[in-house]
Amino acid sequence: MGRVKLKIQKLGSGSSRLTTYSKRKNGLIKKANELAILCDVDVLLVMFSPSGRPVLWKGSNSCQSMGVHLLG
C-alpha cells in the first residue's frame, strides 16, 4: 500500500511548525546534495525559517562557480 496523501496547509501550532520545518529542511538539504552529486550540477539552496532566520546551503562544487553564474 502507498502513503496517504496529505493536504498541504499551514500548521496551527508554533512548536509543530518548527519541528516539521526542521525535519523537512534536513530532507530537502539531503535531496539537494544528492542532486549535486548525481548530476554534477551547482546547487544553491536558500531557506528562511519560521522565525525569519536565513539558511544557506551550497553544494561542494558551488564555492567558486556560483558567483560566476550569478554575476553572469
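Residues numbered from 1 in each chain as written. Predicted model: local features only at pLDDT ≥ 70, side-chain atom pairs only at ≥ 80, totals over all residues. Heavy atoms only, no water.

**Overview of a nonpolar patch on the surface**
So, step 1. Residues Leu44, Val46, Phe48 and Leu56 make up a contiguous nonpolar surface patch of roughly 410 Å² in combined accessible area.
So, step 2. A total of three residues in the nonpolar patch trace back to one element, the largest contributor, which is strand S1 (residues 44–48).
So, step 3. Relative to the elements of secondary structure, Phe48 occurs in strand S1.
So, step 4. The exposure class of Phe48 is exposed, given its relative accessible area of 57%. (Patch = residues over 30% accessible without salt bridge, like charges linked within 9 Å, V, L, I, M, F, W, Y side chains within 5 Å. Areas by Shrake-Rupley, 256 points an atom, 1.4 Å probe, with all protein chains shown as cover. Salt bridge = Lys/Arg side-chain N within 4 Å of Asp/Glu carboxyl O. Helix = DSSP H or I, 4+ residues; strand = E, 2+ residues; numbered from the N terminus. Buried < 20%, exposed > 50% of the residue type's maximum accessible area, 1.4 Å probe, protein only.)

**Points about the nonpolar core**
So, step 1. By size, the foremost hydrophobic cluster in this structure holds nine residues: Tyr21, Ile29, Ala32, Ala36, Val43, Leu45, Met47, Val55 and Trp57.
So, step 2. When residues of this core are traced back to their parent elements, those giving at least two are helix H1 (14–39), S1 and strand S2 (54–58).
So, step 3. Here the element with the most residues in this core is H1; it accounts for four residues.
So, step 4. Apart from residues no more than four positions distant in its own chain, Val55 is found in contact with Tyr21, Lys25, Leu45, Val46 and Met47. (Core = buried A, V, L, I, M, F, W, Y, C linked by side-chain atoms within 4.5 Å. Contact = heavy atoms within 4.5 Å.)

**Examining the pairing of S2**
So, step 1. Taking every second residue as pointing to the same face, the buried face of S2 carries Val55 and Trp57, while none of Pro54, Leu56 and Lys58 on the other face is buried.
So, step 2. Inspection of the sheet shows S1 paired to S2 by five bridges, in the antiparallel sense. By the bridge assignment, Met47 is partnered in S2 with Val55. (Pairing = 2+ DSSP bridges.)

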